[in-house]
Amino acid sequence: MSATLNDIDGYDPLATNYAESENEALLDQANRRIVQNILKSYTGYFDLFCETIQNSLDALQAKAKVADETYSPKIWITIDAARSRVRVVDNGVGMTMPEYRFFLRPNVSFKNPKEYRGQKGVGATFLAYGFSLLRAHTRKSGEEVSAILRNGRQWAQDSAGSIPRPTFEAERFNIPEIGTEDGTSIEVILGGLPGERPRDLIWLGARNAEQWFNVLRIKSPLGGIYLNSTKFHPQIELTCIDVDGTTTKFSSDLAEYFYPHEMADLKTATVKDIESELSKIQGSPDQRFSKLAIEFKRLDCMWEIYSKEDLLSETGWFATALDEEKRSLIERHSVIVYASFLRSAKIWNSFNDDELKLRRGQRIIHGGLQMACDNMPQGELSIIPLTSTIGYQANSHVVVHFTDGAPDMGRKVFQPELTELAEAISVRCVTVFKRYLQHLKPDTGAVAVAPDKELHEWKKKQEEYRDQNLLSFSHDGKDISLISKPQQEQDVVALFHELIGIGAIRGYQFYSTSQSDRYDSLFQLNYHEENNLKFSRENNPLGVDSALGFPFLSEPRVLEFKFDFDALIRDFSNEIKYPRHVNLVVCWSAEKQWREKYFMNSLLVGDEGASRLCFGATHQAFPDSGGSQPDFEVIILEDLINFLVDPATEEARQKSRYKD
């Protein structure tokens, strides 16, 4: 029996049973806060894809449990960059009208936590109230329900209470892909609203269906992780509509994680196979290696899968890395590990740029630790915390999979003890690989076919850049040495220290600067002379808050260098770095992505600098979620130099560019 349009039209998925206006108003505020907290937990650019695909996979597996052998599970994915639209269709179990009424409500789930990927009941809420429009059509046992929910994010972000809570708008059922089968279609429209991630579908530079399929294998549950379970490979039909209207299609049943050893043209071998072959050869280690078959030498990649039994073996590689608590966690969560090691970190760049052919600089897959749970990757890659030979962090890719690991509702953060366990395992995996480095092809870097010509062209390019981007600045008769505007992060580091060297910036002392640690530099503020450091709009506009008291010596503080401030925002989103750890950011420029996360209070305007903590800081970065204290201070070197050269003009620009 089919539902009528009137059965769902006007229904509020967050409705309560309270009729009294006073209670209704209070509950509306409570609902909004719950939804806002859910949205804050979803900060990744792939969360939209993760939630839609995860729900479809669960619906297919639920159907497969009860269907006969003729059932063919299938997912149709449409990524429409021209209309900023993502649509995911499945021929799974579908929803009944009662389920449809409740599926957007926070913390409501119809799934068995032990059987399916998503069971927290917040993913659908995120889709409905995290974007401008959600269209949901479904059929179950002949009953069809279909409606639109508009302005979900607008309502969630409305602090004035002027936007009414959205209700369903019924429309005609239309899922042509599934024919007469049961199934569900979820479509999300991006509105480019502040905080909406992604704000468009072109940020990666993916222009066709095959590119998107490979990206989603890496960054979403479409890349199923079935290391210790039966593989589930539904048929995937992916359609991509580019911004110019060009349509491409790609079909595959390889709905499994893109493991690095599968990259094209790599010579690979497993650690266990290497160990097995070596054990068959007599003699010293050098003699055994010399007699080893060529297929185990000059490798591009070593890899291995370690089962729960491998990890818990008293005589295995991991025995000395695990205490009783960690061993108990491995047993409880049936931990299984995939690990790989590339001969060169440059292979990641080649794969991203030349194989995936994404926008230059996008790093969809790279070295690091990938946490996984319930057959899918969870969150972003994190750094493997090596304490020696830390350069191998970039060569290693480790996936640690937990059964029923229960990450938080944003699907990113695991319990601390699980994260600590995964890090310990990943470090030991790298230790194992280090034992077999001689089996890898030497990392000699790119071959310079014509080094003299290349050098000549590079010099010419740098001279042309200097002529078009001249940088000339002096302070108290001292000139800076950098004669071109910065082009990369190293230039920012050099310019910052030059400004300190000529006295334009004062009061900094450095413990260390690193290219390989998680953060770039550790420093302290050491202020001696009040007259030379205290803020004065007329005489010392880069000075600091007089309330500090002089002399002033700070605790050790973290400094992060970036060419563009937006790059740090991406690091925060990917959980490579954390705002609460950073005290000062030094960059050349700040483009526009920072507006999604921060309000930048300019310290170059009026008396705003009177609250400055770090001498020369140009801005305070306040989180867009509110708060009376900034997360950290920022020195935008381009703004700083412009201010030192022409204070009045730059102050006017600051008022316009960084206004709330």
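Refer to the structure presented above.
Residues numbered from 1 in each chain as written. Predicted model: local features only at pLDDT ≥ 70, side-chain atom pairs only at ≥ 80, totals over all residues. Heavy atoms only, no water.

**Q** Would you take a moment to explain the packing of helix α17 (residues 637-645) against helix α18 (residues 647-657) for this structure?
**A** Two measures define how a pair of helices packs: the angle their axes make with one another and the distance between the axes. At a closest axis distance of 6 Å, the pairing of α17 and α18 adopts a crossing angle of 140°. Here α17 lies oblique to α18, going by the angle between them. Only Pro647, Glu650, Arg653 and Gln654 of α18 make contact with α17, whose side of the interface consists of Asp639, Asn642, Phe643 and Val645. Grouping the amino acids of the contact of α17 with α18 by side-chain chemistry returns 3 nonpolar, 2 polar and 3 charged. (Axes fitted to C-alpha atoms, helices over the stretch in contact; angles between N-to-C directions. Helix = DSSP H or I, 4+ residues; strand = E, 2+ residues; numbered from the N terminus. Parallel < 35°, antiparallel > 145°, perpendicular 65-115°, else oblique. Contact = heavy atoms within 4.5 Å. Nonpolar A, V, L, I, M, F, W, Y, C, P; charged D, E, K, R; others polar.)

**Q** Would you mind going over the pattern of salt bridges with me for this structure?
**A** Should the charged atoms of two oppositely charged side chains come close, the side chains can pair. Counted according to the given criterion, the structure contains 35 salt bridges. The closest approach of N and O atoms between arginine 165 and aspartate 12, which form a salt bridge, is 2.7 Å. In this pair, arginine 165 sits in the loop between α5 (152-157) and β5 (168-170) while aspartate 12 sits in the segment before α1 (21-41), placing the two residues 153 residues apart along the sequence. In this structure arginine 165 comes out as buried when scored by relative accessible area, which is 14%. (Salt bridge = Lys/Arg side-chain N within 4 Å of Asp/Glu carboxyl O. Buried < 20%, exposed > 50% of the residue type's maximum accessible area, 1.4 Å probe, protein only.)

**Q** Where do I start with the packing of aromatic side chains in this structure?
**A** Two measures describe an aromatic ring pair: the distance that separates the ring centres and the angle between the ring planes. Under the criterion given, the structure shown has 33 aromatic pairs. For the pair tryptophan 203 and tryptophan 212, a centre-to-centre distance of 6.1 Å together with 65° between the ring planes defines the contact as edge-to-face. Comparing tryptophan 203 with tryptophan 212, the two get one shared label, buried. Every member of this aromatic cluster is reached through a ring pair, and the members are Tyr45, Phe46, Phe49, Trp203 and Trp212. (Phe/Tyr/Trp six-rings, centres within 6.5 Å; stacked < 30°, edge-to-face > 60°.)

**Q** What is the right way to look at helix α11 (residues 346-355) in this model?
**A** Think of an α-helix as turning once every 3.6 residues; residues three or four places apart then point the same way. Of all the positions in α11, only Ile347, Trp348, Phe351, Asn352 and Asp353 are classed as buried. Against the buried residues of α11 lie α6 (209-219), β11 (336-342) and β14 (396-402). Lysine 357, located one to two residues past α11, shows a positive phi value of around 55°.

**Q** How should I be thinking about the packing of helix α14 (residues 489-501) against α17 in this particular structure?
**A** In the contact formed by α14 and α17, the axes pass within 11 Å of each other and the chain directions differ by 35°. Taken as a pair, α14 and α17 cross one another with a handedness that is left-handed. Across the interface between the two elements, Val492, Leu495, Phe496 and Leu499 of α14 pack against Leu637, Leu640 and Ile641 of α17. Residues that form the contact of α14 with α17 fall into these classes: 7 nonpolar, no polar and no charged. (Left-handed = near helix turned anticlockwise from the far one by under 90°.)

**Q** Hey, could you run me through the nonpolar core in this one?
**A** Side chains that are nonpolar tend, in soluble globular proteins, to be buried together. One finds Phe49, Ile77 and Trp212 to be the most contacted residues of the largest nonpolar core, which totals 74 residues. Tyr306, Ala339, Val398 and Phe414 belong to the second largest nonpolar core, which has 39 residues in total. (Core = buried A, V, L, I, M, F, W, Y, C linked by side-chain atoms within 4.5 Å.)

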